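Architecture and fold: a report
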Amino acid sequence: RSPWPPELWPAVRRIAWCESRLDPLAVGDQGRAWGLTQVRIDAHPDLHAAYNLLNVDDNLSAAWIIYLRAGRNFTPWACATEYLEHQP
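Because the structure is a prediction, the values reported are computed rather than measured.

Here we look at the nonpolar core
Formed by 19 residues in total, the largest nonpolar core has its most connected members in Trp4, Leu8, Val12, Tyr67, Phe74 and Trp77. Of all elements in the fold, only helix H1 (9–20) and helix H3 (56–69) reach the threshold of two or more residues within this core. For this core, the leading source of residues is H3, giving 6 residues. Excluding residues within four positions of it along the chain, Leu8 makes contact with Trp64, Tyr67 and Phe74.

What follows is the structure, encoded as structure tokens:
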């Protein structure tokens, strides 16, 4: 159900844990970061308009687009980037 390739699932799971503690209904950063991967609605208004970011499948799809736009890396997720750097 997710566009993420299986080899990236461990990293995506760590990001989701770091960003939302795996809560698909999480809203943080003063209401600007939504869902499992905390997609910033102010930074990605097009994705906010196209996806229900509080739905797991939609949030993962939007996060995949963000990952691709970032050159196939996790730099848009500052918390997750720090977390991934300290993981084996």
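Here's the deal with the sheet that holds strand E2 (residues 33–34)
Taking strand neighbours across the sheet as the criterion, the 3 strands line up as E1-E2-E3 in an open arrangement whose pairing is antiparallel. The open sheet has two edge strands, strand E1 (27–28) and strand E3 (39–40), and neither has a second partner. Sheet topology places E2 next to E3; 2 bridges connect them, and they run antiparallel. Pairing of Ala33 across the sheet is with Arg40, part of E3.

Considering the packing of aromatic side chains
Evaluated as defined, the whole model comprises 6 aromatic pairs. Pairing Trp4 with Phe74 gives two aromatic rings, centres 5.9 Å apart and planes at 10 degrees, and the pair type is stacked. With Trp4 in the segment before H1 and Phe74 in the loop between H3 and helix H4 (78–85), this residue pair connects regions lying 70 residues apart in the sequence. Exposure class is identical for Trp4 and Phe74. Each is buried. Each member of the aromatic cluster is reached from another via a ring pair, and the members are Trp4, Trp64, Tyr67, Phe74 and Trp77.

Section: the pattern of salt bridges
One pass over the structure, following the stated rule, counts 4 salt bridges. The closest approach of N and O atoms between Asp42 and Arg40, which form a salt bridge, is 2.6 Å. With relative accessibility at 43%, the residue Asp42 sits in the partly exposed group. The partly exposed category is assigned to Arg40, whose relative accessible area is 27%. Residue Asp46 is joined to Arg69 by a salt bridge in which the shortest nitrogen-to-oxygen separation is 2.5 Å. Pair noted here: Asp46 is in helix H2 (residues 45–50) and Arg69 is in helix H3, with a separation of 23 residues, a long-range link.

So, how was this worked out
- Residues numbered from 1 in each chain as written.
- Predicted model: local features only at pLDDT ≥ 70, side-chain atom pairs only at ≥ 80, totals over all residues.
- Heavy atoms only, no water.
- Core = buried A, V, L, I, M, F, W, Y, C linked by side-chain atoms within 4.5 Å.
- Buried < 20%, exposed > 50% of the residue type's maximum accessible area, 1.4 Å probe, protein only.
- Helix = DSSP H or I, 4+ residues; strand = E, 2+ residues; numbered from the N terminus.
- Contact = heavy atoms within 4.5 Å.
- Pairing = 2+ DSSP bridges.
- Phe/Tyr/Trp six-rings, centres within 6.5 Å; stacked < 30°, edge-to-face > 60°.
- Salt bridge = Lys/Arg side-chain N within 4 Å of Asp/Glu carboxyl O.

Interpretation in functional terms is not warranted from these geometric data alone.
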